[in-house]
Structures are given as C-alpha cells and as structure tokens.
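One letter stands for each residue in the lines below.
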Amino acid sequence: MQMLRSFAPNAFAYGLASWSWLGIQDKTPRFTTAFGDVFLESLDGWWLLDTIEGTLTLRWSNAVDLYAELDSPAGREEILLEDILVEALGRGVTPGDDEVLAFMPHPAAGGRLSAESCSPLRFELALSLAGQVHGELLRAAAQAPSPMLWAGEPAGRAPEPQPQHAGWPAEEQHAVWAAEEQHAGWAAQPEPAPSPWASTPAAGPSWFPLSH
C-alpha cells in the first residue's frame, strides 16, 4: 500500500473542521500518512499536522526538503511510522482507499501507539475525531482549577473531586457513530471552492509505496 495517501477536498474540509483552533485556515492540505497525519502547504512552506501529538509545525521550506526527510530512515520511522505500519499490515489490518489506520482509543486519551491498537477508519472521521479529542483535552486543562486555590483548605481536608471528562476512551465507539451520522449530512453538501493556488498538488516520488 502507499505510505502517502491523498483524499478528496471535501474529505479534508470535513476532517480539518475540528482543528480550526490550531490555525490551519490559510494552509492547503495536500496528502497524509497512512495514519492520517496531514501535510499542508502555504506561502511559508510545508506544515505537518501531527494528529497524535495535536501539533501543527512548519517543518520544510519546500517540497524537495519534505520528500528528502520522508525518504530518510529517521523520517520513515518518526513521521511515517513505518515499523508500526509494517506490523499492522502483517496482522492483516489494511485500510481501504478512503481509510487510514487510527489508534483506538486515541493515544492522547490513554491509548497505545502500537499495531495492536490500529483499526481502519474513514479518513475524514479519524481526522475529525482526533481534533475533537485534542480540543476537549485543551478545554479541560484550561478549566482545571489552580492548586493555589486549595491553599486555604483546612489541614486534612481534601479538595473536592473534579468531574471527569466523559469522552474518549470509554465512549470512542459512540463518538464514531455520531461522527458518521454528521458526516452523512456533510457529504450531501457541495465541495468547497479550491484555494486559488491549490490546483497544482505536489506529486510524491515513486518510492513511497511500501515494500516488504
């Protein structure tokens, strides 16, 4: 299978909608890894949306540097996660043309970054759910009370327990079902207008198909 994957503009638009808090609005998605991490292009260069870490980083000034790093041993291991991909394929876990491999539950919500945790999932759903997970975790962190607020508690009295987030990992399957229902309505909408400079996608080199 291809280690770099491409999807329709409306699939990118749906999946990236839950990442608006990360500042992706002026960047054009081009392709992804087999695990759904997204490579985006802007006037500044090439960006990597790491859906596992929940980060958006300007990493390459041009496509030549991008492909050179992806072709290196370090790039294949750290960005493309080649070792995990090979193991997952060996277990018979193969994504379809419209799917990526998703870690269930998401590593940010306590899941494991391993082949045993990989499941094929529609690309736009996997990308959307990952954005929701990171967004919820950031909101929960922002709402957590400061330890300084507990300084006035009498000795021996524990602070009141805080409510737990009721999302992933315990409810990840329900989240997938809800996303699929939402996606059914989204798919009926017309595709968004392309970016003025989005008509010339960068073509990946021929050495990206995975070979055993």
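Above this text is the structure in question.
Thresholds applied
- Residue positions are given per chain, counted from 1 along the sequence in the order it is written.
- A pLDDT threshold of at least 70 governs which residues receive local features in this predicted model, and a stricter bar of 80 or more applies before side-chain atom pairs are shown or counted, although totals over entire chains, interfaces and linings include all residues.
- Only hydrogens and water are set aside when side-chain values are computed; all heavy atoms of the structure are taken into account.
- Two strands are said to pair when DSSP picks up at least two bridges between them.
- The helix count covers DSSP runs of H or I at least four residues long, the strand count covers runs of E at least two residues long, and both are numbered beginning at the N terminus.
- The contact definition used throughout considers only heavy atoms, calling two residues in contact when any of these lie within 4.5 Å.
- Only C-alpha atoms enter the line fits that serve as axes; for helices the fit covers just the stretch in contact. Angles between N-to-C directions range over 0 to 180 degrees.
- Each residue is placed in one exposure class: buried if its accessible area under a 1.4 Å probe, protein chains only, is under 20% of its type's maximum, exposed if it is over 50%, and partly exposed if it falls in between.
- Arc definition: it is the arc formed by the directions from the helix axis to the C-beta atoms.
- Within this scheme, the nonpolar core is defined by two criteria: the residues are buried Ala, Val, Leu, Ile, Met, Phe, Trp, Tyr or Cys, and they are joined through side-chain atoms within 4.5 Å.
- By definition, a salt bridge exists where a carboxyl oxygen of Asp or Glu is found within 4 Å of a side-chain nitrogen of Lys or Arg.
- Working rule for angles: under 35 degrees goes down as roughly parallel, over 145 as roughly antiparallel, 65 to 115 as roughly perpendicular, anything else as oblique.
- Each crossing gets its hand from how the near helix is turned against the far one by less than a right angle, where anticlockwise is left-handed and clockwise is right-handed.

Caption draft 1: Spotlight on the sheet that holds strand E2 (residues 28–33). Spatially, E1-E2-E3-E4-E5 is the arrangement adopted by the 5 strands of the open sheet, whose pairing is antiparallel. Because the sheet does not close on itself, it has two edges, and the strands there are strand E1 (4–5) and strand E5 (55–60). Pairing analysis gives 4 bridges linking E2 to strand E3 (residues 38–42), with the strands arranged antiparallel. Pairing of Phe 31 across the sheet is with Phe 39, part of E3. Across the sheet, helix H2 (residues 63–70) touches E1, E2, E3, strand E4 (45–50) and E5, and the angle it forms with E5 is around 105°.

Caption draft 2: Molecular detail of helix H4 (residues 82–90). Of the positions making up H4, those classed as buried are Glu 82, Ile 84, Leu 85, Ala 88 and Leu 89. One side of H4 carries all its buried residues, which in axial view fall inside an arc of 160°. Opposite its buried face, H4 presents the exposed residues Asp 83 and Gly 90, each directed more than 90 degrees away.

Caption draft 3: Representation of the nonpolar core. The biggest cluster of nonpolar side chains holds 25 residues, and the ones touching the most others in it are Phe 35, Phe 39 and Leu 66. Elements represented by at least two residues in this core include exactly E4, H2, H4 and strand E6 (99–103). In terms of residue count, H4 provides more of this core than any other element does, 4 residues in total. Ranked by size, the runner-up nonpolar core spans 21 residues in total, among them Val 38, Ala 102, Leu 125 and Leu 127.

Caption draft 4: Main features of the pattern of salt bridges. Evaluated as defined, the whole model comprises 10 salt bridges. The closest approach of N and O atoms between Glu 69 and Arg 59, which form a salt bridge, is 2.7 Å. One end of the pair, Glu 69, is in helix H2; the other, Arg 59, is in strand E5, with 10 residues separating them in the sequence. With a shortest N-O distance of 2.7 Å, Glu 136 and Arg 139 are connected by a salt bridge. Here the residue Glu 136 and the residue Arg 139 both occupy positions in helix H5 (residues 123–143), the gap between them amounting to 3 residues, near one helical turn. We classify Arg 139 as partly exposed; its relative accessible area is 43%. Each of the salt bridges in this network shares a partner with another, and the network as a whole consists of Asp 71, Arg 76 and Glu 82.

Caption draft 5: Structural context of the packing of helix H1 (residues 9–16) against H5. Viewed as axis vectors pointing N to C, H1 and H5 meet at an angle of 20°, and their least axial separation amounts to 7 Å. One way to sum up the angle between H1 and H5 is to call them roughly parallel. Both H1 and H5 take part in a crossing whose hand is right-handed. Taking contact as the criterion, the partners of Ala 11, Phe 12, Tyr 14, Gly 15 and Leu 16 in H1 are, on H5, Phe 123, Glu 124, Leu 125, Leu 127 and Ser 128.

Function cannot be read off these values alone, since they describe shape.
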